[in-house]
Every structure is written in structure tokens, then in C-alpha cells.
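The residues making up each chain are set out below.
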Amino acid sequence: MRGEIEIESASNSNDATDLINNDTYSLVLMDISLGKGISGIELLNNLRTIPSYKNIPVIAVTAHAMVGDREQFLSLGFDDYLSKPFAKKDLVNKVRSWVSKSNSNGIHY
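Everything numeric in this text was worked out from a predicted model, so none of it was measured. Along every chain, residues carry numbers that run from 1 in the direction the sequence is written. In view of the model being predicted, local features appear only for residues whose pLDDT reaches at least 70, and side-chain atom pairs are presented and counted only at 80 or more, with totals across whole chains, interfaces and linings using the full set of residues. To get the side-chain values, take all heavy atoms of the structure and skip hydrogens and water.

**Q** Explanation requested: the overall build of the protein chain in the structure shown.
**A** Runs of E in the DSSP output that reach at least two residues are strands. Runs of H or I that reach at least four are helices, and both are numbered from the N terminus. Across its full length, the protein chain holds 4 helices and 3 strands. Each helix (α) and strand (β) of the protein chain, taken in turn from the N terminus, gives the series α-β-α-β-α-β-α. Using a 1.4 Å probe on the protein chains alone, a residue whose accessible area is under 20% of its type maximum counts as buried, one over 50% counts as exposed, and one in between counts as partly exposed. The 109 residues of the protein chain split such that 33% are buried. In what follows, residue pairs with any heavy atoms lying within 4.5 Å of each other are defined as contacts. Long-range pairs, those at least 24 residues apart, make up 49% of the contacts in the protein chain with a sequence separation of at least 6.

**Q** Is there a simple way to think about the nonpolar core in this case?
**A** Most often, soluble globular proteins have nonpolar side chains that are buried together. For the purposes of this section, nonpolar cores are sets of buried Ala, Val, Leu, Ile, Met, Phe, Trp, Tyr and Cys residues that join through side-chain atoms within 4.5 Å. In this structure, V28, M30, Y53, V58 and F78 are the most contacted members of the largest nonpolar core, which totals 17 residues. Breaking this core down by element, the ones donating at least two residues are α1 (13–22), β1 (28–31), α2 (40–47) and β2 (58–62). Not counting the four nearest positions on each side in its chain, F78 is found in contact with M30, I32, G40, I41, L44, V58, I59, A60 and F73. Among the nonpolar cores identified, the runner-up in size contains 6 residues, and L27, I59, L82 and V95 belong to it.

**Q** Is there a simple way to think about the pattern of salt bridges in this case?
**A** Side-chain pairs of opposite charge can arise where the charged atoms are in close proximity. One speaks of a salt bridge when a side-chain nitrogen belonging to Lys or Arg is within 4 Å of a carboxyl oxygen belonging to Asp or Glu. Considering all chains together, one arrives at 5 salt bridges under this definition. Ionic pairing is found between D31 and K84, a salt bridge with its closest N-O pair at 2.7 Å. Of this pair, D31 sits in strand β1 while K84 is found in the loop between β3 (80–83) and α4 (88–104), placing the two residues 53 residues apart along the sequence. When its relative accessible area of 24% is taken as the criterion, D31 is described as partly exposed. Residues D79 and R48 are paired through a salt bridge, measuring 2.7 Å at the closest nitrogen-oxygen approach. One end of the pair, D79, is in the loop between α3 (69–75) and β3; the other, R48, is in the loop between α2 and β2, with 31 residues separating them in the sequence. For D79, a relative accessible area of 33% translates into the label partly exposed. It is possible to trace a salt-bridge network through shared partners that takes in R70, D80 and K94.

**Q** Before we go on, may I ask you to explain α1 in this structure?
**A** An α-helical segment advances 3.6 residues per turn. Residues three or four places apart therefore align on the same side. When we look at burial in α1, the residues that qualify are S13, A16 and I20. The buried residues of α1 occupy an angular sector of 60° when the element is viewed end-on, so they sit on one face. Every exposed residue of α1 that faces more than 90 degrees away from the buried side is listed here: N14, N21 and N22. Here a polar contact means two N or O atoms within 3.5 Å. Within protein one must be a hydrogen donor candidate and the other an acceptor candidate, and residues neighboring in sequence count only if both atoms are side-chain atoms. With a side-chain oxygen lying 3.0 Å from the backbone nitrogen of N14, the N-terminal cap of α1 falls on N12. It is the directions from the helix axis to the C-beta atoms that the arc portrays.

Below is the structure:
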């Protein structure tokens, strides 16, 4: 996917909040355990209160990989789920899938 998309990252919830408040992203990969600060679930709830993020896809990225975890994260408002550890191809395929869906819905990267 080199050259196809731009990527920015945050190492904690405070940095992620700053990025979200200063730009609108087309796709968000959200770790559930963000270390210091609020969790990825709480950050997702905050994100969804911002009008420009109401329909932006958010993928839960987590080590929670037990039976039922995927369904739980989807029920909490995440659009998709990727369990750790994952292969690079799994991440690339997941992102490409959402980019393709978003482009067909008029969201541009």
C-alpha cells in the first residue's frame, strides 16, 4: 500500500485526541488498550460525538481474541475488528477493503 494512503499514528489517547481534533481521517485503526489515559472504547465514544466522524470507519485492533470478542467490539460501535497478532497481509487487506467501501460511498483518501 506504499504510496496509496497517508498514515499518522498516536502513541496514547491524548495524542490521538489531538490528531482527531485537528484533522478528519478517512479510516481509524483504534487499539483498545491505549496505555495511559482513556481506553480505545472511550476514545471511540468521544470520536462519535464529532460530526465529521459519525460515519468514518473505525477498526478495533486488539489482543482480545476470544470467542465473542469480535461481536462485542462491533456492538460497542466499531465498524470492524482485527485481532493481534496479525500478519501484514491481513492488515493490508482490511485497510484496502475499507478504502474500497469508502471510495464507493464518496469518501476520499
